[in-house]
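What the coordinates show
Residue-level listing of the chains:
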Amino acid sequence: MDVKLKKMFESWLSQQRIDFVSPEAAKAYHERVTRIKDVIQLKVPDRVPIYANIGFFPAYYAGISPEEAMYDYDKLITAWRDSILDLQPDVHGGSAIPGPGRAYEILDYRLYLWPGHGTPADTPYQCVEAEYMKAEEYDALIQDPSDFWLRTYLPRIFGALEPLKNLDSLASIVEMPFTSAYLVSYGIPEVRSAFEALLAAGQEAARWRKAVATCNKSLLEAGFPLLTGSSTKAPYDTLADTLRGTRGIMVDMYRQPDKLLEALERLTPLMINMGVTGAQSAGRPLVFIPLHKGADGFMSDEQYQTFYWPTLKKVILGLIDEGLVPFIFAEGTYDTRLEVVQDIPKGKTIWHFDDTDMARAKKVLGKTACIAGNVPISLLSTGAPGEVKEYCKKLIDVAGKDGGFIMTSGGVIDKAKPENVRAMIEFTKEYGVY
């Protein structure tokens, strides 16, 4: 485990693949990655590191709309690159947040509303929650998750892919006599149109990916590292967010708890693999895990320890076993969960808190995990620079004591005041020196 992690950190620190714009940029890159590495391992760095959790903020900062960022890739590159170069945080989340709007159009994406397509052009996107998996479909998911995704889930969230429900199971292809019968469904005109839509969307997504890579590469060359190598999800959230929905899974905890638990266990290795594959390919050890339905108020402590934490812990441990660092974003309030989630290996994770009491988080988790957060996005959006500096000072004094702390906003920044974001970053650099 430690050998694998050491190799992943060495890969992240390696400068051989990066054509830096100057020796100063190379030096800054190494210092920034080392700063993050040190706080993860609960060492005291030279100063508190700063992560820019910027969401759609670069679009507003550049004077373009979120819709433009999702459709005009040149504007996307310029806005995200220039905002990071101007504000100069230690690490950032890259420019992939605005997805390829045209690809979503081609597929008639129904799971989300996005700027200019369901939400106003000057706002971010929004999930449309519903029961995209029915209560009686647990057995189909448990038996073959990939088949369920292909022939049931995708036809429900993409209008253009609805014909895929006419396909037979891939398990039908076991030898020639069965294969020929299976191939017939691909001759259906509607099915052919679905695959043509996928190809067209894939081509558009490739153009978007090239733009994202161009932007991230230019920032790397300027000395600004990406924070994460991949993402994954808690198994419970995988089911609750976009399959069963919040209401559906809450009912399932009472009506069919055994099926729910079986499905969570079935999804766990898939979520581990999702995080491992991306991070190893990127050569960066951090795996982003946003937590949605486990916050205080969503379920009781008993339910959390029955349905949520056991499989999330397995995902965390599975990633750690592969030499990776789970970067866990605990959205909402996690005050009642802190004693539970401390049951993890020391110096191997980051817990990014949104609205959690940071003094308690430091007290409970401080000797086990690096913590990050939690400058309120409401403060960054409506406050004044002096108020932001005062909040950051308290965070550094309490959560930053003896290292193990990353300064960042509690949630994703969108329409924050630029002067407040700048105050958070610049004050941390000045005051957060050890």
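For the structure itself, consult the block above.
Below or above, wherever it landed, is the structure these notes cover. These numbers come from a predicted model, not from an experiment. (Residues numbered from 1 in each chain as written. Predicted model: local features only at pLDDT ≥ 70, side-chain atom pairs only at ≥ 80, totals over all residues. Heavy atoms only, no water.)

1. A short note on the sheet that holds strand β5 (residues 126-127)
The strand order β4-β3-β5 describes an open sheet built from three strands, whose pairing is mixed. With partners counted over all chains shown, the strands left at the sheet margins are β4 (118-119) and β5, one partner each. Where strand β3 (residues 112-115) meets β4, two bridges bridge the pair, whose relative direction is parallel. Following the sheet pairing, Pro-115 is matched in β4 by Thr-119. (Pairing = 2+ DSSP bridges. Helix = DSSP H or I, 4+ residues; strand = E, 2+ residues; numbered from the N terminus.)

2. Let's talk about unusual backbone geometry
Backbone geometry at Leu-42 places phi at a positive 60 degrees, although glycine is not the residue there. Position of Leu-42 among the secondary structure elements: in the loop between α2 (23-40) and β1 (51-52). At Asp-402, a position not held by glycine, the phi torsion is positive, near 65 degrees. The residue Asp-402 is located in the loop between α18 (385-398) and β11 (405-409) in this model.

3. Some remarks on the sheet that holds strand β7 (residues 286-291)
Strand order in the open sheet formed by six strands is β6-β7-β8-β9-β10-β11, and the pairing between neighbours is parallel. Only two strands of the sheet have a single partner each, and these edge strands are β6 (230-231) and β11. In this sheet, β7 lies alongside β6 in parallel orientation, the contact comprising two bridges. Across the sheet, residue Ser-231 finds its bridge partner in β7, namely Phe-288. Packing of α2 onto the sheet brings it into contact with β7, β8 (325-330), β9 (350-353), β10 (370-375) and β11, and relative to β11 it is tilted by some 110 degrees. (Contact = heavy atoms within 4.5 Å. Axes fitted to C-alpha atoms, helices over the stretch in contact; angles between N-to-C directions.)

4. Section: the side chain of Lys-37
Looking at the element boundaries, Lys-37 is found in helix α2. There is no salt bridge for the buried Lys-37, and the closest opposite charge comes from Asp-38, which lies 4.7 Å off by N-O distance. If we ignore the near neighbours within four places in the chain, the residues touching Lys-37 are Phe-9, Leu-13 and Lys-43. (Buried < 20%, exposed > 50% of the residue type's maximum accessible area, 1.4 Å probe, protein only. Lys, Arg positive; Asp, Glu negative; His and termini not counted. Salt bridge = Lys/Arg side-chain N within 4 Å of Asp/Glu carboxyl O.)

5. Some points on the packing of aromatic side chains
Enumeration over the complete set of coordinates arrives at 22 aromatic pairs. When the centroid spacing of 5.6 Å and the interplanar angle of 65 degrees are considered together, the rings of Tyr-104 and Trp-114 count as edge-to-face. One end of the pair, Tyr-104, is in helix α6 (residues 101-107); the other, Trp-114, is in strand β3, and ten residues separate them in sequence. Measuring from centroid to centroid gives 6.0 Å for Tyr-109 and Tyr-112, while their planes differ by 20 degrees, and the two rings are stacked. Since its relative accessible area comes to 15%, Tyr-109 is described here as buried. Taken together, Phe-56, Trp-80, Tyr-104, Tyr-109, Tyr-112, Trp-114, Tyr-125 and Phe-158 form an aromatic cluster joined through their ring pairs. Across from the ring centre of Phe-224, 4.0 Å away, lies the NZ or CZ of Arg-32, which sits over that ring. We note Lys-37 situated over the ring of Phe-9; from NZ or CZ to the ring centre the distance is 5.7 Å. (Phe/Tyr/Trp six-rings, centres within 6.5 Å; stacked < 30°, edge-to-face > 60°. Lys NZ or Arg CZ within 6 Å of the ring centre and 35° of its normal.)

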